[in-house]
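Chain residues, written in single-letter form:
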Amino acid sequence: MAGGAFVATSGGREYEGKVTAFVLVTCFVAAMGGLLFGYDLGITGGVTSMEPFLIKFFPAVYKQMKDETSHDSQYCKFDNELLTLFTSSLYLAALVASFFASTTTRMLGRKPSMFLGGLFFLVGALLNGFAQNIAMLIVGRLLLGFGVGYCNQSVPVYLSEMAPAKIRGALNMGFQMMITIGILIANLINYWTSKHQNGWRISLGIGAVPAVLLCLGSAFLGDTPNSLIERGQHEKAKAMLQKIRGTDNVDEEYLDLIDASEEAKKVEHPWKNIAQPKYRPQLTFCTLIPFFQQLTGINVIMFYAPVLFKTLGFGNDASLMSAVITGGVNVVATFVSIFSVDKAGRRILFLQGGTQMFVCQIAVGGMIAAKFGLGGEGSLSKGEANLLLFFICAYVAAYAWSWGPLGWLVPSEICSLEARSAGQAINVAVNMFFTFVIAQIFLTMLCHFKFGLFFFFAGFVLIMTIFIALLLPETKNVPIEEMSRVWKSHWFWTKFIPQDHVVTA
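Residues numbered from 1 in each chain as written. Predicted model: local features only at pLDDT ≥ 70, side-chain atom pairs only at ≥ 80, totals over all residues. Heavy atoms only, no water.

Engineer: Help me understand the overall build of the chain, please; the structure alone is not making it clear to me.
Structural biologist: Scanning the chain for helices and strands turns up 23 helices and two strands. Expressed as a percentage of its 505 residues, the buried residues of the chain come to 61%. In the chain, once contacts between residues fewer than 6 apart in sequence are set aside, the share between residues at least 24 apart is 79%. Of the accessible surface of the chain, which amounts to about 18,100 Å², a share of 67% is contributed by carbon and sulfur atoms. (Helix = DSSP H or I, 4+ residues; strand = E, 2+ residues; numbered from the N terminus. Buried < 20%, exposed > 50% of the residue type's maximum accessible area, 1.4 Å probe, protein only. Contact = heavy atoms within 4.5 Å. Areas by Shrake-Rupley, 256 points an atom, 1.4 Å probe, with all protein chains shown as cover.)

And the structure:
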């Protein structure tokens, strides 16, 4: 791919350039922020199913899990608010951090935000690995949350601004690819460490490794031309644009970026600005896409896969191995999205993925209802367990080539510069808030909804697929600074966009 020439049009102009090795390496290093997020997503469920970890920090859960005389439903064995707080506290911290990260990303640049994210994650991982009590554990989780908040704010914006429009989707999805690789690595490490008495310490502490890699990598990255112009460093911005485009002839794109920056500087209050009617589509999608992304139920699988499989009668090793399998499917399926998003487009992936997820969730809920009923008593034959695993894997695959990567890509590319930091902060904040909510209440919902939980999420998948079909225009291959014309030509959003707001330069 490196070296391939491309031309991007903007209002009749052409941007010259090629896909340089430099921009590919830069985007790869930046996407390491996704590895941190993915590792944490994958590691938590495995650790909370390890008996030595439960005995040290959550003895009540361990006792409840082992109590053969308990009248609690099988669905309720892990229902404990303190245990879910261990998982969900990270996302509450990430929610708070995203607003600080928005200011840092705008005023200091995308690169310092990524460095800070790695630093927070490094300290948090070490605290968790050496934790002696619940307090150390929760403080470590909060610091991890600040790291996630900073990385999720800065990395998608960085990738969108560095990438040429022609391959922006594929490069931006490097972030999601790293998330899935992080989840898979975490599941493999959990499978290995579960056989050791203090294996949970290794699982939690290894999170420091990708954090160090991100800190070192971001120290050597250049900032985006958009960010440099935004902070008045015009010569550096032009030099960076020439470097990432592989040509000295960048004057037209450079002038368009300056024009966009000048427009952005006229905005005194970006948070107030994004609430204006002309930004209604951006505000809608930056809010509802992350909301729906969490209501797919994916984090039920990723957070608690080992706990879920254990609840359904899989043995300890089998449950961890099943989580490894779903993690592997997640990685492979993300490649489908990377290679098709800039060709087939965003809409078709959203719609196909949503349909497949809906069918799989109905199938999983139906199987669990038939085999376990309301009491959670029952067992699966080997063939039935494999069929259940197949439907869960098909569900994970559909998410991995649709709502997973597109949930980060679309909000990061639809906002013009004057609303970009605020839009991405809203995206991260809504994502983290509902990740926190789902993580905190899932085990209680499993206890009360039982198999109906899968039907609950299937209902949301149906709603959000209809939402995309009606309201999301196609944004593939559209330069970021020209995105307003997409809304103006849409049957619904055109009523909110004044004619003179359409960007043509």
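Engineer: Can you walk me through the packing of aromatic side chains in this structure?
Structural biologist: Two measures describe an aromatic ring pair: the distance that separates the ring centres and the angle between the ring planes. By the definition in use, this model includes 28 aromatic pairs. Note on Phe53 and Phe58: the rings are 5.7 Å apart at their centroids and 50° apart in plane angle, and the pair reads as tilted. In this structure, Phe53 and Phe58 share a single accessibility class: buried. A ring pair is formed by Phe492 and Trp493, whose centres lie 4.9 Å apart and whose planes are at 80°; its orientation type is edge-to-face. Above the face of the Phe57 ring, Lys56 is positioned so that its terminal group lies 5.7 Å from the ring centre. Lying over the aromatic face of Tyr191, Lys195 brings its terminal NZ or CZ to 4.5 Å of the ring centre. (Phe/Tyr/Trp six-rings, centres within 6.5 Å; stacked < 30°, edge-to-face > 60°. Lys NZ or Arg CZ within 6 Å of the ring centre and 35° of its normal.)

Engineer: What is the right way to look at helix α20 (residues 403-414) in this model?
Structural biologist: Because each turn of an α-helix spans 3.6 residues, side chains separated by three or four positions in sequence point in the same direction. Across its twelve residues, α20 extends 16 Å between first and last C-alpha, which sits within 8% of the 16 Å expected from 1.5 Å per residue. Burial analysis of α20 places twelve of its twelve residues in the buried class, which makes it a mostly covered element. (Expected span 1.5 Å × (residues − 1).)

Engineer: Sorry, what's going on with the pattern of salt bridges here?
Structural biologist: Two side chains bearing opposite charge may form a pair once their charged atoms approach each other closely. Scanning the model with the defined rule gives six salt bridges in all. Put simply, Arg346 and Glu413 hold a salt bridge, and the shortest N to O gap is 2.8 Å. With Arg346 in helix α18 (residues 346-372) and Glu413 in helix α20, this residue pair connects regions lying 67 residues apart in the sequence. With a relative accessible area of 0%, Glu413 lands in the buried category. Salt bridges sharing partners connect three or more residues here, namely Arg110, Glu161 and Glu230. (Salt bridge = Lys/Arg side-chain N within 4 Å of Asp/Glu carboxyl O.)

Engineer: Please clarify how the nonpolar core should be interpreted in this entry.
Structural biologist: Side chains of a nonpolar character, in soluble globular proteins, are inclined to be buried together. Grouped together as the largest cluster of nonpolar side chains are 82 residues, with contacts concentrated most on Phe53, Phe58, Phe285 and Trp403. Excluding residues within four positions of it along the chain, Phe58 makes contact with Phe53, Leu82, Leu83, Phe86, Ile134 and Leu137. Residues Ile167, Phe175, Ala211 and Ala237 belong to the second largest nonpolar core, which totals 52 residues. (Core = buried A, V, L, I, M, F, W, Y, C linked by side-chain atoms within 4.5 Å.)

Engineer: Help me out: how do you make sense of helix α6 (residues 110-129) in this one?
Structural biologist: Between its first and last C-alpha, α6 extends 29 Å over 20 residues, near the 28 Å set by a 1.5 Å rise per residue. Turning to α6, its buried residues are Arg110, Ser113, Met114, Gly117, Gly118, Phe121, Leu122, Gly124, Ala125, Asn128 and Gly129.

Engineer: Would you take a moment to explain the side chain of Arg110 for this structure?
Structural biologist: Checked against the element boundaries, Arg110 lands in helix α6. Separated by 2.8 Å, the side chains of Arg110 and Glu161 make a polar contact. Among the polar contacts listed, one links the side chain of Arg110 to the side chain of Glu230, at a separation of 3.0 Å. (Polar contact = N/O pair within 3.5 Å; in protein donor to acceptor, adjacent residues only side chain to side chain.)

Engineer: Just checking my understanding: could you explain a nonpolar patch on the surface for this structure?
Structural biologist: Together, Leu462, Ile466, Leu470 and Trp491 make up an exposed nonpolar region whose accessible area comes to about 430 Å². Residue position: Ile466 is located in helix α22 (residues 452-471). (Patch = residues over 30% accessible without salt bridge, like charges linked within 9 Å, V, L, I, M, F, W, Y side chains within 5 Å.)

Engineer: What should I look at first to understand the packing of helix α2 (residues 32-47) against helix α8 (residues 168-193) in this one?
Structural biologist: For any two helices packed against each other, one specifies the inter-axial angle together with the distance between the axes. Interhelical geometry of α2 versus α8 gives an angle of 35° and a closest axis separation of 6 Å. The two elements α2 and α8 cross, and the hand of that crossing is right-handed. In this structure, α2 uses Met32, Gly33, Gly34, Leu35, Phe37, Gly38, Tyr39, Leu41, Gly42, Ile43, Gly46 and Val47 to contact α8, whose residues at the interface are Phe175, Met178, Ile179, Ile181, Gly182, Ile183, Ile185, Ala186, Asn187, Ile189 and Asn190. For the contact of α2 with α8, the per-class residue count stands at 15 nonpolar, eight polar and no charged. (Axes fitted to C-alpha atoms, helices over the stretch in contact; angles between N-to-C directions. Left-handed = near helix turned anticlockwise from the far one by under 90°. Nonpolar A, V, L, I, M, F, W, Y, C, P; charged D, E, K, R; others polar.)

Engineer: Would you mind going over the environment of Phe457 with me for this structure?
Structural biologist: Tracing the sequence through the fold places Phe457 in helix α22. Each C-alpha atom, one on Phe457 and one on Thr296, is 5.7 Å from the other, the two residues being 161 residues apart in sequence.

Engineer: Mind showing me how you'd approach the environment of Ile138 here?
Structural biologist: Mapping Ile138 onto the fold places it in helix α7 (residues 134-162). Taking the relative accessible area as the measure of exposure, Ile138 reaches 18% and is therefore buried. Remark: the alpha-carbon pair of Ile138 and Leu85, spanning 53 residues in sequence, is separated by 8.3 Å. With residues up to four places along the chain from it excluded, the contact list for Ile138 reads Leu85, Phe86 and Ser89.

Engineer: Can you walk me through the environment of Trp192 in this structure?
Structural biologist: By the secondary structure assignment, Trp192 is in helix α8. For the pair Trp192 and Ser203, spaced eleven residues apart in sequence, the C-alpha separation works out to 9.2 Å.

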